[in-house]
Amino acid sequence: MPTTDNDRDMRSPSPSGSVLSFSSGMFHSYVVGSISLSTVYNVFTGFFLHTANAQDLIREFGGRLVQDTEEHERLEYQHRALTLTLDSLYAAPDLVRAAMIPSQSYTPAAVDLGTGSGQWAVEFAREFPHASVVGIDIAPPAPKGPVPPNCRFEVDDVNLPLDHYTKCFNVCHMRAIDHGVYDYRGLLYRVAQILRTNGVLLVVVGDLRLYQHDRTPFPVDVKEGDPGWCATQALFWGNHNNALTRGEATSARYKNAEWMSKCPYYNSVGYEDVYIPLGPWMTGLDARCTHIAQLMQANAKRILGAFRPVLIANGHDLATIDRLISVGVPYSQL
């Protein structure tokens, strides 16, 4: 495949590379009860980091959610909910825009690790047409609409070396990829390797604990029928526990602030919790907030289906899992 000038800017002379690389010219078609009406929130924590000088670092990882048409559809709901909630593609807009200012010495570049459907990468490329944007995932993406010429995708595993991207990016975005990573703390160090000086790392991590309207968490250590028990929470937490047995980095949500603060390659660490209703049950929501709640509801309903084979493979009873999924999160019309 022909190499563009932007591609050359973003690759160091490393012997390791991606499994497959493709850009806009290669896209020809796109594959495109228990809650009792109480308000349930899914909380996403956003972290943003500012790099100091990065060093060559070490790595090792693994694990992932299956990427298929249904999963890409779910990721689209999640993407739209988070983008509307932030009213932006990203947090820390001043840092991001400063990092993406055009330079005479290089083409500003951004990478979306675990890009999923690829939609974030596509929209970021449209917002910064002077920059190069790369989306990386274990499976090919399925973005909606045309892919801009300054955006391309790599089929690669972030658990493998990224040495071919050493000091290539001004912004790195990672959203909800912790279930595909064995050593998330190590990933924070390794990402510093691919960021340029004064680059920005944006991390979004979903919490598998659910929260009530007063933002107190649902209990995770109760049995069905006990006060506070919730089918959706039981399924979410069952997947959390299964991930722990597989060695995946499910503690990232709770440890990120500590890990980031202790990493010597970053400064200006900031974070915030964003609570999004898991359905439009709360009274007093305006039309915009209702739409966001419906999007997150659709996301949650579909991720329960994605959890199903994992839960069954780890010894959970099939009939029980299907019953909990059926009563967990109802569908809503979007």
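Okay, so let's go over this structure. Bear in mind the structure is a predicted one, so any value in this text is a computation, not a measurement.

## Quick word on the overall build of the protein chain
Helices and strands together make up the secondary structure of the protein chain, namely nine helices and eight strands. Relative to its full complement of 334 residues, the protein chain shows a buried share of 52%. On the protein chain, roughly 14,700 Å² of surface is accessible, and the fraction owed to carbon and sulfur atoms is 54%.

## Describing the packing of helix α8 (residues 287-313) against helix α9 (residues 318-328)
Orientation of α8 relative to α9, taken along the N-to-C sense of each, is 170 degrees, at an axis distance of 10 Å. For the element pair α8 / α9, the angle class is roughly antiparallel. Residue-level contacts link Lys301, Leu304, Arg308, Leu311 and Ile312 of α8 to Leu318, Ile321, Asp322, Ile325 and Ser326 of α9. Looking at side-chain class alone, the contact of α8 with α9 contains six nonpolar, one polar and three charged residues.

## Thoughts on the pattern of salt bridges
A complete count under the given rule lists six salt bridges for this structure. With a shortest N-O distance of 2.6 Å, Arg74 and Glu71 are connected by a salt bridge. Note that Arg74 and Glu71 are positioned in helix α2 (residues 69-86) at a spacing of three residues, about one turn of the helix. Residue Arg74 is classed as buried on the basis of its relative accessible area of 4%. According to the relative accessible area criterion, Glu71 is buried, its value standing at 5%. In this structure, Asp207 engages Arg209 in a salt bridge whose closest nitrogen and oxygen atoms are separated by 3.3 Å. You can call Asp207 buried: its relative accessible area is 1%.

Quick notes on the rules
Residues numbered from 1 in each chain as written. Predicted model: local features only at pLDDT ≥ 70, side-chain atom pairs only at ≥ 80, totals over all residues. Heavy atoms only, no water. Helix = DSSP H or I, 4+ residues; strand = E, 2+ residues; numbered from the N terminus. Buried < 20%, exposed > 50% of the residue type's maximum accessible area, 1.4 Å probe, protein only. Areas by Shrake-Rupley, 256 points an atom, 1.4 Å probe, with all protein chains shown as cover. Axes fitted to C-alpha atoms, helices over the stretch in contact; angles between N-to-C directions. Parallel < 35°, antiparallel > 145°, perpendicular 65-115°, else oblique. Contact = heavy atoms within 4.5 Å. Nonpolar A, V, L, I, M, F, W, Y, C, P; charged D, E, K, R; others polar. Salt bridge = Lys/Arg side-chain N within 4 Å of Asp/Glu carboxyl O.

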